[in-house]
Amino acid sequence: MAGGGWSVGFLLLVSAVVLVRSDHTFKAGDPVPLYANKVGPFHNPSETYRYFDLPFCLPAHMKEKREALGEVLNGDRLVSAPYTLDFLQDKSSEVVCNKKLDKDEVAQFRSAVAKDYYFQMYFDDLPIWGFLGKVEKEEKSDPSEYKYYLFKHLHFEIFYNKDRVIEINARTDPNALVDVTEDKEINVEFMYSVKWKETNTPFEKRMEKYSQSSSLPHHLEIHWFSIINSCVTVLLLTGFLATILLRVLKNDFVKYAHDEEIADDQEETGWKYIHGDVFRYPRHKSLFAAALGSGTQLFALTIFIFVLALVGVFYPYNRGALFTALVVIYSLTSGIAGYASAAFYCQLEGTNWVRNLLLTGSLFCGPLFLAFCFLNTVAIAYHATAALPFGTIVVIFLIWALVTSPLLLLGGSLERIVRWSFMLPVALQNIQGRYQHYLAFITVALTYFQLVAEDHEWWWRSFLCGGSTGIFIYSYCLYYYYARSDMSGFMQTSFFFGYMACICYGFFLMLGTVGFRAALLFVRHIYHSIKCSEFTEFWFYESENPSRILLEVGLRQYLYIFLLQQGLLY
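Because the structure is predicted, anything quoted here is derived from the model rather than measured. (Residues numbered from 1 in each chain as written. Predicted model: local features only at pLDDT ≥ 70, side-chain atom pairs only at ≥ 80, totals over all residues. Heavy atoms only, no water.)

Considerations on the overall build of the chain
Part 1 of the reasoning: A count of helices and strands for the chain gives 15 helices and 12 strands.
Part 2 of the reasoning: Taken over 570 residues, the chain has a buried fraction of 45%.
Part 3 of the reasoning: Only carbon and sulfur atoms are counted for the fraction: they give 62% of the accessible area of the chain, which is about 30000 Å². (Helix = DSSP H or I, 4+ residues; strand = E, 2+ residues; numbered from the N terminus. Buried < 20%, exposed > 50% of the residue type's maximum accessible area, 1.4 Å probe, protein only. Areas by Shrake-Rupley, 256 points an atom, 1.4 Å probe, with all protein chains shown as cover.)

So, the UniProt feature "transmembrane region" (unreviewed entry) in the chain
Part 1 of the reasoning: Per the UniProt annotation, the sites labelled "transmembrane region" (unreviewed entry) are residues 222-246, 287-315, 321-345, 357-382, 388-414, 435-453, 459-483 and 495-523.
Part 2 of the reasoning: In residues 321-345, helix accounts for 96% and strand for 0%; the two terminal C-alpha atoms are 35 Å from one another.
Part 3 of the reasoning: Split by type, residues 357-382 is 100% helix and 0% strand. Its first and last C-alpha atoms lie 38 Å apart. (UniProt positions renumbered as here; feature names shortened; annotations may be inferred.)

Quick notes on the side chain of Asn 356
Part 1 of the reasoning: Turning to its location among the elements, Asn 356 is positioned in helix α9 (residues 353-382).
Part 2 of the reasoning: You can call Asn 356 buried: its relative accessible area is 0%.
Part 3 of the reasoning: Engagement of the side chain of Asn 356 in a polar contact is seen with the side chain of Ser 341, the distance being 3.0 Å.
Part 4 of the reasoning: Ignoring any residue separated from it by four or fewer positions in sequence, one finds Asn 356 in contact with Ser 286, Ala 289, Ala 290, Ser 341, Ala 342 and Tyr 345. (Polar contact = N/O pair within 3.5 Å; in protein donor to acceptor, adjacent residues only side chain to side chain. Contact = heavy atoms within 4.5 Å.)

Points about the environment of Met 62
Part 1 of the reasoning: Positionally, Met 62 belongs in the loop between β2 (49-50) and α2 (69-73).
Part 2 of the reasoning: When the C-alpha atoms of Met 62 and Ala 81 are compared, they prove to be 8.2 Å apart, with 19 residues separating the residues in sequence.
Part 3 of the reasoning: The residues touching Met 62, leaving out its near neighbours within four places in the chain, are Phe 52, Val 79 and Ser 80.

Re the packing of helix α6 (residues 285-310) against helix α7 (residues 321-332)
Part 1 of the reasoning: Two elements in contact, α6 and α7, have axes whose closest approach is 10 Å; the angle formed by their N-to-C orientations is 140 degrees. As summarised for this structure, α6 and α7 are arranged oblique, according to the angle between their axes. Here α6 runs over α7; the crossing is right-handed. Between α6, through Gln 297, Leu 298, Leu 301, Phe 304, Ile 305 and Leu 308, and α7, the contact on the second element is made entirely by Leu 322, Ala 325, Leu 326, Ile 329 and Tyr 330.
Part 2 of the reasoning: Residue composition of the contact of α6 with α7, grouped by class: 10 nonpolar, 1 polar and no charged. (Axes fitted to C-alpha atoms, helices over the stretch in contact; angles between N-to-C directions. Parallel < 35°, antiparallel > 145°, perpendicular 65-115°, else oblique. Left-handed = near helix turned anticlockwise from the far one by under 90°. Nonpolar A, V, L, I, M, F, W, Y, C, P; charged D, E, K, R; others polar.)

Things to note about the side chain of Ser 193
Part 1 of the reasoning: Looking at the secondary structure, you find Ser 193 in strand β12 (residues 186-198).
Part 2 of the reasoning: Polar contacts involving the side chain of Ser 193 include one to the side chain of His 153, which spans 2.9 Å.

Considerations on the nonpolar core
Part 1 of the reasoning: Among the nonpolar cores identified, the biggest contains 56 residues, and Tyr 83, Leu 85, Phe 123 and Phe 156 are the most heavily contacted of them.
Part 2 of the reasoning: Here the element with the most residues in this core is β12; it accounts for 6 residues.
Part 3 of the reasoning: Ala 290, Ala 291, Leu 308 and Phe 522 belong to the second-largest nonpolar core, a separate cluster that totals 37 residues. (Core = buried A, V, L, I, M, F, W, Y, C linked by side-chain atoms within 4.5 Å.)

A few points about the state of the cysteines
Part 1 of the reasoning: A complete count under the given rule lists 1 disulfide for this structure.
Part 2 of the reasoning: Shown here is the disulfide that connects Cys 57 with Cys 97, its sulfur atoms set 1.7 Å apart. Because the torsion about its S-S bond is -65 degrees, the bridge between Cys 57 and Cys 97 counts as left-handed. Within this pair, whereas Cys 57 is found in the loop between β2 and α2, its partner Cys 97 is found in strand β4 (residues 91-101), the two being separated by 40 residues in sequence. (Disulfide = S-S within 2.5 Å.)

Topic: α9
Along an α-helix, residues three or four positions apart point the same way, because every turn accommodates 3.6 residues.
Part 1 of the reasoning: With 30 residues, α9 should reach 44 Å at 1.5 Å per residue; the first-to-last C-alpha distance of 43 Å fits that figure.
Part 2 of the reasoning: Bending of α9 peaks at approximately 40 degrees at the position of Ser 362.
Part 3 of the reasoning: All buried positions along α9 are accounted for by Asn 356, Leu 357, Thr 360, Leu 363, Phe 364, Ala 371, Leu 375, Asn 376, Val 378 and Ala 379.
Part 4 of the reasoning: Immediately beyond the C-terminal end of α9, within one or two residues, lies His 383, with a positive phi of roughly 55 degrees. (Expected span 1.5 Å × (residues − 1). Bend = angle between axes of the 7 residues up to and from the residue.)

Regarding the pairing of strand β1 (residues 34-41)
Looking down a regular strand, the side chains alternate between one sheet face and the other.
Part 1 of the reasoning: Counting buried positions along β1 gives 8 out of 8 residues, so the element sits mostly inside the fold.
Part 2 of the reasoning: As defined by bridge partners, β1 adjoins strand β5 (residues 117-123) across 7 bridges and the pair is classed as antiparallel. Its bridge partner being in β5, Pro 41 is matched across the sheet by Tyr 117.
Part 3 of the reasoning: As judged from the 2 bridges shared by β1 and strand β3 (residues 79-80), these two strands associate in the antiparallel manner. Within the sheet, the bridge partner assigned to Tyr 35 lies in β3 and is Ser 80.
Part 4 of the reasoning: Note that β1 and β2 share 2 bridges and pair antiparallel. Paired with Val 39 across the strands is Tyr 49, a residue of β2. (Pairing = 2+ DSSP bridges.)

Some points on the sheet that holds strand β11 (residues 177-179)
Part 1 of the reasoning: If you walk across this open sheet you meet the 3 strands as β7-β8-β11, and the pairing is antiparallel. The open sheet has two free edges, formed respectively by β7 (133-136) and β11, since each of these has just one partner strand. Strand after strand, the sheet turns through a mean of 30 degrees between neighbouring axes, direction not considered.
Part 2 of the reasoning: In terms of strand pairing, β7 meets strand β8 (residues 147-151) through 4 bridges, oriented antiparallel. Paired with Lys 134 across the strands is Tyr 149, a residue of β8.
Part 3 of the reasoning: Its contacts with the sheet put helix α3 (residues 103-114) on β7 and β8, and the angle it makes with β8 is roughly 100 degrees.

Okay, structure coming up:
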């Protein structure tokens, strides 16, 4: 079952993420595919509707494009557009249709124009945007005095290189307007024009335009200068913190070594005083192990997504590729979550491993599923394209049932099989412990201050310290929504805060895992450096059973020496 899950997931990844492109070559007079996608308020990116939810001219033959999983998740609903754009065929003021709009249809268009509705189409996989109309305010403060106009003439300017389409622009005729201010029946003659122009831009570079420009508002675009400035600031602060911490630790090591030489019976203080308690098991062991497993999986997911981005899978406007990759890779990496969680849970001497795996599988998916149920219900009520069809929900459920769950159980079972050899758990633990992240320095510093205060309960606190970045991001989302964006409406608000909560929760688990792993390495290192007589640097114990500890310490000392001789620990 699990092996079948791997094969199914691999096929999904290959077929859905790596696009099977046609050669995009045409002869003069060949029809070039043009699909109408969606319409929606410009400032509410999640609130989109089907193109023909507005009373536009219908094509002679309505045909829906079959879409991949990621495209559906992205809210794309492509259908045949009412315009005919044949290769190298110019057209001037071609009539699409003469349409009589009743009062309700006029009110629909007026509402769309008032909310700055835009339309989106795809021509030979190239995106097209445009606004439906304009509002003429003429310095009037009363909205009831505004004039609302609908654009009725669309100009397509298409650039080609030999037998391939390179670029397309759509603009509206500012003189061809229809007044939709009043609720009355009107006759509208919708028209379009097409102009083909030759260009020297090669086909391979036709997407560069879309990577350098954006239809998003200015405040939604990526500010690379701010990102670089933040990275440089973090690097400098990290360097200062690391330098100070190394100096403090060096002084501590010298002090403790000097104290041991002067008087062996001198009372210990600071973080050395709690060397006998610092590796006690944390509370709620199963939940802690599940959080580490889920965080490890999300960390692996992030790495894979970055790798796919670097190799060019997510080129501009590759519809749905990112969503498809997220679903498929998350499913395939569930085995990592099962193994990491079970491995740490067994180190904590947990016994109910089935419950631990169930908790691992539901710790992130559970809140995500609840958020999806609520938001999908909202989208259905609004008749928005964000509402997933029943068939798509079934596909996602099958991926979870046939891929995610079997791989999760396989990862947990694999850990139980190899645990008895001692080698793989120790080696994997050393590899997992070397996640590099800037927040690790902050977590390490706070853990050090906690140990200096002779507080040995650092496990959960180090996890929460690393994960607090997710809380900070969500706090910034509150500020951004109300102070920086123009988003409005119940649906957009629900989607923004709902899915941002899921994203920030994922960051909380992932960065919490990174923070804990860094703190664990730090704590092991400092206690190993002072060479405490009790063997607690690499193993954990419970204070509730001291008789068992005395027996296990001797056995583990012997095992530790054996692993050192074999080169498995250092």
